[in-house]
Amino acid sequence: MKVFTCTIIVFLLFLSIDVFASTKTYERTEENGYLVSDENIVVDDSKIDAVLSTPAVDEAEKIYDFADLYTDEQEKELYSLVTNYIDDYDLDLAIVTIKENTKDSTEAYAQDFYDYNSFGITDSHNGILFLVDMANREFYMLNSGAGITMYTDRRVDECLDAAFSEIASGNYYDGTKAFIEKAGYYAKVGEPDEAGNEPKLKGVLKLQSMSWSSIAIFSVIATAVVMFIFISNNKLVRSATSSKFYLTKADVNVVKETFLGKNINKVMRVHDSGSSGSSSSGGSSRSVSHGSSGRSHSGGGRKF
């Protein structure tokens, strides 16, 4: 009787434990439709290899740490950040790490993993995916549906930049967290217009996008400028010590005419985003590519 009671208690304890991440995969077979639930994706001869080389997962788990880069506690924290992002912005988000890549590129893996595991909200499959590919030493941001219009190439670059230093240093949790926070910041700001202009931000939101060190430096500079203005306005009149007090009106006109007669040469500066993948440098640009499923995606990556 005691053994039975202990067994029941242990069973109930396991039931009460939340699962924040998983590396469990399922077998894709012709009988189960290769576990591709989207009826718009027809698994024919042109797609079968891509489908079978893509792990089948439970899309509700959101964190898939196949490379074992996060601790259990870190997976729990990331899961919380991911679900908050999904609830707040109505965009799906999946985090994936891999040790081996069964595709031709990091981008191809991200596209197939997203499409063949039915990620995305609504029939437009709105959402994003963050992939850390240890085989190719590259991390990648994938956008789908409304994620394409939300994240321009410039915003993709900013999200990747936010994660780069930590990922490159081997701090994968901190890098992934920084990526989620930056992606959430832009989702909160809202979509830019077709010209790439960012929505006007409220003062509080601007401060949220700045680091504490930047805020401190800005405060010191602003205080110094205000003090300088007040001090300058209260100075006593002093004797002339500059040649400008001895110039005649004609002299001033000559100076002005000489200055206005100067030639000014303008040089166009070309921006280099420094990213790999589909990303380009234009602020309003959304470089769209198509995965093996036929769906449209945008995104970009960084080697580390």
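In the block above lies the structure referred to throughout.
Residues numbered from 1 in each chain as written. Predicted model: local features only at pLDDT ≥ 70, side-chain atom pairs only at ≥ 80, totals over all residues. Heavy atoms only, no water.

Colleague: Just give me the short version of the overall build of the chain, but keep the residues and values in it.
Modeller: For the chain, the count of helices and strands is ten helices and six strands. In the chain, which comprises 304 residues, the proportion classed as buried is 39%. Restricting to contacts in the chain with at least 6 residues of sequence separation, those with at least 24 account for 69%. (Helix = DSSP H or I, 4+ residues; strand = E, 2+ residues; numbered from the N terminus. Buried < 20%, exposed > 50% of the residue type's maximum accessible area, 1.4 Å probe, protein only. Contact = heavy atoms within 4.5 Å.)

Colleague: Can you tell me about the packing of aromatic side chains, naming the residues and giving the values?
Modeller: Tallying each qualifying case throughout the model produces 13 aromatic pairs. On the numbers, 5.5 Å between centres and 65 degrees between planes, the contact of Y64 with F113 is edge-to-face. Within this pair, whereas Y64 is found in strand β1 (residues 63-65), its partner F113 is found in helix α4 (residues 106-116), the two being separated by 49 residues in sequence. Grouping residues by exposure puts Y64 and F113 together as buried. Considering the side-chain rings of Y114 and F119, the 5.8 Å spacing of their centres and the 40 degrees angle between planes classify their relative orientation as tilted. Across the pair, F119 and Y114 agree in class, each one buried. Aromatic rings pair up to connect Y64, F66, Y109, F113, Y114 and F119 into one cluster. (Phe/Tyr/Trp six-rings, centres within 6.5 Å; stacked < 30°, edge-to-face > 60°.)

Colleague: Describe the environment of E158, naming the residues involved and giving the relevant values.
Modeller: The topology assignment puts E158 in helix α6 (residues 153-168). On the basis of relative accessibility, which here comes to 33%, the residue E158 falls in the partly exposed class. Separated by 24 residues in the primary sequence, E158 and K182 place their C-alpha atoms 7.6 Å from one another. With residues near it in sequence (within four places) discarded, E158 still touches K182 and Y186.

Colleague: Could you give an account of the sheet that holds strand β5 (residues 289-290), naming the residues involved and the relevant values?
Modeller: Strand pairing in a sheet is mediated by backbone hydrogen bonds. Such pairs are either parallel or antiparallel. As summarised here, the arrangement of the six strands in space is β1-β2-β3-β4-β6-β5, forming an open sheet in which the pairing is mixed. Whereas interior strands pair on both sides, the edge strands pair on one side only; in this sheet they are β1 and β5. Pairing of β1 with strand β2 (residues 92-98) involves three bridges; the strand directions are parallel. Bridge pairing in β2 places D65 opposite T97. (Pairing = 2+ DSSP bridges.)

Colleague: Describe unusual backbone geometry, naming the residues involved and giving the relevant values.
Modeller: In this structure, Y34 takes a positive phi of about 60 degrees despite not being glycine. Relative to the assigned elements, Y34 resides in the loop between α1 (2-16) and α2 (48-52). Residue Y34 is classed as buried on the basis of its relative accessible area of 17%. Although it is not a glycine, D68 adopts a positive phi angle of roughly 55 degrees. Here D68 lies in the loop between β1 and α3 (72-89).

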